[in-house]
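Remarks on the overall topology
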Amino acid sequence: MSKKKDTKAEKEISENEEIQPEVQDISIEEQLKKEVSQEKDKFLRLFAEFENYKKRTSKERIELFKTANEELMTVLLPILDDFDRGLAELKKTNEDAALIGMELINNKLRNSLSQKGLSPIVVKSGDVFDVELHEAITQIPAPSEDLKGKIIDVVEQGYKLGDKIIRYPRVVVGQ
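Residues numbered from 1 in each chain as written. Predicted model: local features only at pLDDT ≥ 70, side-chain atom pairs only at ≥ 80, totals over all residues. Heavy atoms only, no water.

Describing the overall build of the protein chain
The helix and strand inventory of the protein chain stands at 2 helices and 6 strands. For the protein chain, the accessible area works out to roughly 13900 Å², and carbon and sulfur atoms hold 56% of it. (Helix = DSSP H or I, 4+ residues; strand = E, 2+ residues; numbered from the N terminus. Areas by Shrake-Rupley, 256 points an atom, 1.4 Å probe, with all protein chains shown as cover.)

Concerning the sheet that holds strand β1 (residues 118–121)
With respect to topology, 3 strands assemble into an open sheet ordered β1-β4-β5, the strand pairing being antiparallel. Among the strands making up the open sheet, the edge pair consists of β1 and β5 (164–167). Strand-to-strand, the axes of this sheet are offset by a mean angle of 40°, without reference to chain direction. Here strand β4 (residues 158–161) runs beside β5; their pairing, made up of 3 bridges, is antiparallel. Note on β5: the bridge partner recorded for K160 is I165. (Pairing = 2+ DSSP bridges. Axes fitted to C-alpha atoms, helices over the stretch in contact; angles between N-to-C directions.)

Some points on the sheet that holds strand β3 (residues 151–156)
Sheets are built from strands paired through backbone hydrogen bonds, the pairs being either parallel or antiparallel. Strand order in the open sheet formed by 3 strands is β2-β6-β3, and the pairing between neighbours is mixed. A strand with exactly one partner marks an edge of an open sheet, and here the two such strands are β2 (135–140) and β3. Averaged over all neighbouring strand pairs, the angle between strand axes comes to 25°, with direction disregarded. Direction of pairing for β3 relative to strand β6 (residues 170–174): antiparallel, over a ladder of 4 bridges.

A closer look at the packing of aromatic side chains
Counted by the stated rule, this structure contains 2 aromatic pairs. Note on F43 and F47: the rings are 6.3 Å apart at their centroids and 25° apart in plane angle, and the pair reads as stacked. Highlighted residues: F43 and F47, both in helix α1 (residues 2–92), separated by 4 residues, approximately one helical turn. (Phe/Tyr/Trp six-rings, centres within 6.5 Å; stacked < 30°, edge-to-face > 60°.)

Describing helix α2 (residues 96–115)
The end-to-end C-alpha separation of α2 is 28 Å, in line with the 28 Å expected for 20 residues at 1.5 Å each. Here α2 has its buried residues at L99, N106 and L113. Projected onto a plane normal to the axis of α2, the buried residues spread over an arc of 65° and lie on a single side. Among the exposed residues of α2, those pointing more than 90 degrees away from its buried face are A97, L104, K108 and Q115. Positive backbone phi, approximately 105°, marks G117, located one or two places after α2. (Expected span 1.5 Å × (residues − 1). Buried < 20%, exposed > 50% of the residue type's maximum accessible area, 1.4 Å probe, protein only. Arc of directions from axis to C-beta.)

Remarks on the side chain of R167
Structurally, R167 is set in strand β5. There is a polar contact of 2.8 Å between the side chain of R167 and the backbone oxygen of Q157. Setting aside anything within four residues of it in sequence, one finds R167 in contact with L77, P78, D81, I121, E156, Q157, G158 and Y159. (Polar contact = N/O pair within 3.5 Å; in protein donor to acceptor, adjacent residues only side chain to side chain. Contact = heavy atoms within 4.5 Å.)

Quick notes on the side chain of E156
Assignment of secondary structure puts E156 in strand β3. Here E156 falls in the buried class, since its relative accessible area comes to 19%. Those residues in contact with E156 that lie beyond four places of it in its chain are D81, R167, P169 and R170.

Quick notes on the pattern of salt bridges
Applying the stated criterion across every chain, the model contains 12 salt bridges. In this structure, the salt-bridge partner of E89 is K92, at a minimum N-O distance of 3.2 Å. Placement of both E89 and K92 in helix α1 is noted, with a separation of 3 residues, approximately one turn of the helix. When its relative accessible area of 46% is taken as the criterion, E89 is described as partly exposed. Owing to a relative accessible area of 63%, K92 belongs among the exposed residues under this scheme. (Salt bridge = Lys/Arg side-chain N within 4 Å of Asp/Glu carboxyl O.)

Here it is in structure tokens:
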């Protein structure tokens, strides 16, 4: 009988040993699955971060080109003002050849700048003064009642670069 008990005990022990490795196998499998899922999560996060980096750098590059253009345009605006003053003085003289030459150069410069996105802000005498679009440099008594709160004179032309105003028109407003 002792042999039968020994064999039964051995069978139970061997069965327990067989069960334990299965438990260990399952836990190892689960651990591996967890590790794989963690690695997938890390990969997805890294990929998303890289995509955001690419978008951000391309956006920054576009902004850099716009600001570089803006700086150049703001430097050229006083030159455009000088052209306008020079043309106004040439129109007072009788030198038609000089006037035609200056107008050609002025038109060529303005066309080149407009192709790059520069456009003048159209402001006329009698327009309503808008704080968002105009810069009032002074107020004078309005010559008539209908010009109160309206633009009387444009001292300096304003310009836009695309949709952004790079120089506000400077105006005289009636009081």
